[in-house]
Amino acid sequence: MPEHSQDRIETVRVRRAPKISVFLIVGALVGVFVAMILTFAFNGTAEASPNTGVVYSQGQVFGFLALICAPVGLVLGGLLALVLDRRSRRRTHEVAVDHSSVHVDPEPGTNGDSPGH
């Protein structure tokens, strides 16, 4: 099969960018950690809640706080990642790269739909 190759030099911009998913996960974990600290830092009462009339255990309080703090940490982690991403755009470098592409022509008499393609 005849091959045609093309080589050309291109200029591309290279920058270091943060992985946003890592910031989101760490932000959510920090939120859960803050919920744990808040749960055990403040000693609750053994009295019933004036609003609901129910006595909440420390596990329930942790669950409620985790439902609030984890999304807040997620959002803050995402915002931090976006700020760092914007900041990394200022530090772009232009690099010359060799871009090569190879095109293979099908053999005469075939339509190019053989199993090897």
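Notes on the structure in this doc start here. Here the structure is a predicted model, which means the values were calculated and not measured.

What counts, and at which threshold
- Residues numbered from 1 in each chain as written.
- Predicted model: local features only at pLDDT ≥ 70, side-chain atom pairs only at ≥ 80, totals over all residues.
- Heavy atoms only, no water.
- Salt bridge = Lys/Arg side-chain N within 4 Å of Asp/Glu carboxyl O.
- Buried < 20%, exposed > 50% of the residue type's maximum accessible area, 1.4 Å probe, protein only.
- Helix = DSSP H or I, 4+ residues; strand = E, 2+ residues; numbered from the N terminus.
- Axes fitted to C-alpha atoms, helices over the stretch in contact; angles between N-to-C directions.
- Left-handed = near helix turned anticlockwise from the far one by under 90°.
- Nonpolar A, V, L, I, M, F, W, Y, C, P; charged D, E, K, R; others polar.
- Polar contact = N/O pair within 3.5 Å; in protein donor to acceptor, adjacent residues only side chain to side chain.
- Contact = heavy atoms within 4.5 Å.
- Expected span 1.5 Å × (residues − 1).
- Bend = angle between axes of the 7 residues up to and from the residue.

**Some remarks on the pattern of salt bridges**
Phase 1 of the analysis: Per the counting criterion, the structure on display carries three salt bridges.
Phase 2 of the analysis: A salt bridge links Arg 8 to Glu 10; its shortest N-O distance comes to 2.8 Å.
Phase 3 of the analysis: In this structure, the salt-bridge partner of Asp 85 is Arg 89, at a minimum N-O distance of 3.9 Å.
Phase 4 of the analysis: Classification of Asp 85 by relative accessible area gives buried; the value is 13%.
Phase 5 of the analysis: Relative accessible area serves as the criterion here: at 44%, Arg 89 is assigned to the partly exposed category.

**Focus: the environment of Ser 49**
Phase 1 of the analysis: Tracing the chain through its elements places Ser 49 in the loop between helix 1 (20-41) and helix 2 (58-88).
Phase 2 of the analysis: Look at Ser 49 and you get buried, because its relative accessible area is 17%.

**Considerations on the packing of helix 1 against helix 2**
Phase 1 of the analysis: Their axes nearest at 6 Å, the elements helix 1 and helix 2 cross at an angle of 145 degrees. Helix 2 is crossed by helix 1, and the crossing has right-handed handedness.
Phase 2 of the analysis: Along the lines of polarity and charge, the residues of the contact of helix 1 with helix 2 split into 21 nonpolar, seven polar and no charged.

**Observations concerning the side chain of Ser 88**
Phase 1 of the analysis: Tracing the backbone shows Ser 88 in helix 2.
Phase 2 of the analysis: Of note is the side chain of Ser 88, whose polar atom sits 3.2 Å from the backbone oxygen of Arg 16.
Phase 3 of the analysis: Of note is the side chain of Ser 88, whose polar atom sits 2.8 Å from the backbone oxygen of Asp 85.
Phase 4 of the analysis: Once you skip the residues sitting within four places of it in the chain, Ser 88 turns out to touch Arg 15, Arg 16, Ala 17 and Pro 18.

**Here's the deal with helix 2**
Because an α-helix completes one turn every 3.6 residues, residues spaced three or four positions apart along the sequence face the same direction.
Phase 1 of the analysis: Relative to the 45 Å expected for 31 residues at 1.5 Å per residue, helix 2 spans 43 Å between its end C-alpha atoms, a close match to the ideal helical length.
Phase 2 of the analysis: Largest kink in helix 2: about 30 degrees, centred on Ala 66.
Phase 3 of the analysis: Within helix 2, burial applies to Ala 66, Cys 69, Ala 70, Gly 73, Gly 77, Gly 78, Ala 81, Asp 85 and Ser 88.
Phase 4 of the analysis: Buried residues in helix 2 make contact with helix 1.

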